[in-house]
Amino acid sequence: MELLIFCFAVILEIALAIYCLITKHNHQKLRNWARIAIFAVFTTLTLTSIIMWSFRWVLLAILLFLPAAFSAVSLLRNKITTKAYKSTRIVRKAIVMILTLMLALAPALVFPQYKPLKVTGEYKVATATYTYIDNNRIEEFNDTGKNRFVNVEFWYPEHGNGSFPLLVFSHGAYGIKSSNASTFTELASHGYIVVSIDHPYHSFYTTSEDGSTVMINKEFYQEVNNANKDGIYTVEQFYELFQKWMKLRTDDMNFVINTILQKTKSDPNPLYKQINTDKIGVFGHSMGGAASIWLGRERGDVSAVVNIDAPMFSELNYDKKTNDLVASGQPYTTPVLNIYSDDVWKQLDNGSAYAANKVADYNFSEIYTIHFQGAKHLSLTDLPLFSPLLANMLQGGTADIDTHYCIETENQIILNFFDYVLKGEGTFTPKATYGLK
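Remember, it's a predicted structure, so these values are computed and weren't measured experimentally.

Caption draft 1: Fine view of the sheet that holds strand β4 (residues 193–198). Read across the open sheet, the 9 strands follow the order β1-β2-β4-β3-β7-β8-β11-β12-β13; overall the sheet is mixed. Every other strand in the sheet has two partners, leaving β1 (125–138) and β13 (433–434) as the edge strands with one partner each. Relative to the sheet, helix α9 (residues 287–298) contacts β3 (164–170), β7 (275–285), β8 (304–308) and β11 (336–340), its axis offset from that of β7 by approximately 140 degrees.

The following block contains the structure:
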């Protein structure tokens, strides 16, 4: 839709310019009617929901409205400004208009309108955001002396009766708490209360209840960027880095879970009263998946873990003799679902950071492993839906798997796993590989 509108507007602008050049006339009246017509078409497409109104279209709407308004006034007054015809002016105006169109359509091109994923549960889903202040921790990313804060967002059954399991999500490096919103919505529609965490200074940005926004920490960004390159860090330095990252992540997750558990006892908010504190699951993507595995070992009240495309950092030790990362070999009793893209699947056999993943089948008492063939790392988030351009740039190319199929299938598998483990519903027998479609 975005490209169609852009092409139509550009072709019309070029056609008008060519017509003026051929006839050696400004044709101001014709231009006025054309501007009004373009705005009328845009308005009609919006009112009929062919264009779903959102932030994507604000700049374009302004760009189309203002010339249309001036043109309408000009036509009503029947007053056309007569300027001497100049071909250079015609060409210049056409070029400026096309460049302005590109700028105005940039949000729609970077974040194109997409078909919403289907929600299959019986419950209507509501959301709520809160800022929790950790009085036991001082923020380590600045020297203000203020306490650590964590922003969270809930997805929950709006008119649910009874109590529902709690699911806690941690985003990947540079991620945000809404990175897998389609998953949260699907889970909540089936009777789960999902809370997703923004890890301040690890997330790309996070906005608190008071409206203040914090961006990603530059040092953390550089650390992760360097860790993905060969020769920047020694194995021991990398081990120390992920220990540091995981401490912050798991401290945040523990704080959020403990805060929610306390609020279920003392806070009158109906949201907290719906939470079944005996049924807790954790899940996350990339670095958030690693933190979830860690928490599944740390906390006795976590009954299910979903690891989306992450190394099992909690299951690794650094061996000074071999100067390598090795699997700890300690038994892991919490049920785990691993979901892998091609990007990680290819590293399981040759990457020391994935040494524990490779032997998890032997150390984990209940584990399920799924590979999405043709998927890339960000295919397992909503970003390819929200912005294919950004997803392709960040992950180094286009995934071969169909975006809707991948995310909808992933959401269904995660739902089935939590249903089986936390609710005791049905069986869980997923395929090992989900192929290209």
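Caption draft 2: Region of interest: empty space enclosed by the protein. Tallied over the full model, the rule gives 1 cavity of 30 Å³ or more. For the largest cavity, the calculated volume is near 30 Å³. Around the largest cavity sit R297, E315, S328, G329, Q330, A356, N363 and F364, which together line it. Of the residues contributing to the lining of the largest cavity, the split by class is 2 nonpolar, 4 polar and 2 charged.

Caption draft 3: Structural context of the packing of helix α3 (residues 58–77) against helix α4 (residues 87–110). One can describe the packing of α3 onto α4 by two numbers: an axis separation of 6 Å at closest approach and a directional angle of 145 degrees. Across the interface between the two elements, L59, L60 and L63 from α3 touch M97, T100, L101, L103, A104, L105 and P107 from α4. By residue class, the composition of the contact of α3 with α4 is 9 nonpolar, 1 polar and no charged.

Caption draft 4: How the structure looks around the nonpolar core. Judged by nonpolar contacts, the single largest core of 59 residues is most densely connected at F154, W245, V256 and I260. Considering every element that reaches this core, the biggest residue donor is helix α7 (residues 235–266), with 12 residues. If we ignore the near neighbours within four places in the chain, the residues touching V256 are Y132, V150, V152, V195 and I197. Counting residues in hydrophobic clusters, the runner-up holds 32 residues, among them W155, L167, I308 and C406.

Here is what the cut-offs are and how they apply
- Residue positions within a chain follow its written sequence, with the count starting from 1.
- Reporting in this predicted model follows two pLDDT cut-offs: at least 70 for local features of residues, and 80 or more for side-chain atom pairs to be given and counted; totals over whole chains, interfaces and linings ignore these cut-offs and use all residues.
- The side-chain values count all of the structure's non-hydrogen atoms but skip hydrogen atoms and water molecules.
- Any two strands between which DSSP finds at least two bridges are classified as paired.
- Here a helix means four or more residues in a row that DSSP labels H or I, a strand means two or more in a row labelled E, and each is numbered from the N terminus.
- Residues count as neighbours in contact if any of their non-hydrogen atoms are within 4.5 Å of one another.
- Axis lines are fitted to C-alpha atoms, over the contacting stretch for helices. Their N-to-C directions set the angle, which ranges from 0 to 180 degrees.
- The pocket and cavity definitions rest on a 1 Å grid over protein atoms only: a 1.4 Å probe that fits but cannot leave marks a cavity, an open set with protein on both sides within 12 Å along at least five of seven lines marks a pocket, and residues lining either have an atom within 4 Å of a point.
- Grid points are joined across faces, edges and corners, and a volume is the space filled by probe spheres set on the points.
- Any residue that is not Ala, Val, Leu, Ile, Met, Phe, Trp, Tyr, Cys, Pro, Asp, Glu, Lys or Arg is counted as polar, Gly included; the first ten are nonpolar and the last four charged.
- In these notes, a set of buried Ala, Val, Leu, Ile, Met, Phe, Trp, Tyr and Cys residues joined through side-chain atoms within 4.5 Å is what counts as a nonpolar core.
- The buried label goes to any residue with under 20% of its type's maximum accessible area, the exposed label to any with over 50%, and the partly exposed label to all in between, with areas taken from a 1.4 Å probe on protein chains only.

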